[in-house]
2 protein chains.
Amino acid sequence: MELDKINWSILTLLQENARLSFAEIGRNVGLSAPAVAERVLKLEESGIIKRFSVDLDFEKLGYSFKAIISFKVYTGKMQSFLKFISEMHEVYECNRVTGEHCLIMKLIVQKPNELENIINLFSDFGESTTSIVLSSPVEHKVFNQNKN
Amino acid sequence: MELDKINWSILTLLQENARLSFAEIGRNVGLSAPAVAERVLKLEESGIIKRFSVDLDFEKLGYSFKAIISFKVYTGKMQSFLKFISEMHEVYECNRVTGEHCLIMKLIVQKPNELENIINLFSDFGESTTSIVLSSPVEHKVFNQNKN
DNA sequence: TCTGAAAATTTGGGTCG
DNA sequence: CGACCCAAATTTTCAGA
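Quick caveat: nothing in here was measured; it's all calculated off a predicted structure.

Let's shift gears to the domain arrangement of chain A. When its domains are assigned, chain A resolves into domain 1 (5–45) and domain 2 (58–132). Distance from the C-alpha centre of domain 1 of chain A to the C-alpha centre of domain 2 of chain A: 37 Å.

If you want it as structure tokens, here you go:
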């Protein structure tokens, strides 16, 4: 799909506030509301917009600990481990990567001892290296085309 | 702020589809539209909902390479490095962590050689270990209170 | 793109624990 | 008094040409 400057502007605006009305977006990019609606629909249909969502403050929800776990899966255990973590709500994200460790995961938990339990459960599947997140200087940055 | 079962349901629904109407959410949780609107407003005001956003498919936008860089910052270079990356749109996320490496970053780029350039730029500030993301078995999971 | 019709959000007033 | 419902007014979205 071809992305012109206007579509990039729409995507930037929607990332910052997905509840802008089409009319308001149109005012920003110089289009009428129906024209914006049509573009957004096509962006959804093409899959470029995967979903409209909300970003939550996990700390305020009582989940104060973020951890990043690098994980080296034992031979033959990959499939069962992926199935295992897909059902754990504490595992927020999991990436398969090149390099020494096979997986890099991000977890969100309420208390340190929850993390301990999880690491114990993981030990059946491989070896983990855990880092606690102290802060997130850059978090979920708005993505745009600026090439500086 | 107190979060009852209804507010958790609202948060789950909004994460899955932030464009549900208040009336539709109300049908799911057994409230009227204005009651839902008021709850959502309070969730925003309290900061639990940080923003309404869209999740994008970066591959379809031509940004096919995700990388995770572990970074050990040289003494005294932390502040200048954080300022440096805050202005780089390729750095999607940056976490300060415990452990051997000080920072773990997620980057999104179009081509491998862009990554090479970035790693070269980073070398003034510290030592990096780069992993290319092959796939993301779990990505931006919907967060809810289920304790199973 | 424009216009009318349908649906959504917002606001005010009133009610129940 | 806070949280909710109902109903009217405004805004937004949708579907026709």
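Overlaying chain B with chain A gives an RMSD of 0.1 Å, the required rotation being 180° about an axis along which the chain moves by 0.0 Å. As the rotation angle and translation indicate, the two copies are arranged about a two-fold axis. For chain B, the minimum C-alpha distance to the rotation axis belongs to B:S53 and amounts to 2.6 Å. Interface residue correspondence from chain B to chain A reaches 100%, placing this contact among same-surface, isologous pairings.

Residue and element names in this part refer to chain B. Counted according to the given criterion, the structure contains 18 salt bridges over all chains. Between D4 and R39 there is a salt bridge whose closest N-O contact spans 3.2 Å. Remark: R39 occurs in helix α3 (residues 33–45) and D4 occurs in the segment before α1 (5–16); sequence separation between them is 35 residues. The partly exposed category is assigned to D4, whose relative accessible area is 33%. Overall, the relative accessible area of 22% leaves R39 in the partly exposed class.

For the rest of this paragraph, the subject is the nonpolar core. Counting 47 residues, the largest nonpolar core has A:I49 and B:I49 as its most contacted members. Elements with a minimum of two residues in this core: α1 (5–16), α2 (22–29), α3 (33–45) and β1 (49–56) of chain A together with α1, α2 (22–29), α3 and β1 (49–56) of chain B. Those residues in contact with A:I49, other than ones at most four positions away along the chain, are A:L11, A:L14, A:V40, A:L43, A:E44, B:V54, B:D55 and B:L56. If you look at the next biggest cluster of nonpolar residues, it comprises 21 residues, including A:M78, A:V91, A:M105 and A:L115.

How each quantity is defined
Residues numbered from 1 in each chain as written. Chains lettered and ligands numbered in written order. Predicted model: local features only at pLDDT ≥ 70, side-chain atom pairs only at ≥ 80, totals over all residues. Heavy atoms only, no water. Domains from an automatic or database assignment. Least-squares fit on C-alpha atoms with pLDDT ≥ 70 in both. Contact = heavy atoms within 4.5 Å. Salt bridge = Lys/Arg side-chain N within 4 Å of Asp/Glu carboxyl O. Helix = DSSP H or I, 4+ residues; strand = E, 2+ residues; numbered from the N terminus. Buried < 20%, exposed > 50% of the residue type's maximum accessible area, 1.4 Å probe, protein only. Core = buried A, V, L, I, M, F, W, Y, C linked by side-chain atoms within 4.5 Å.

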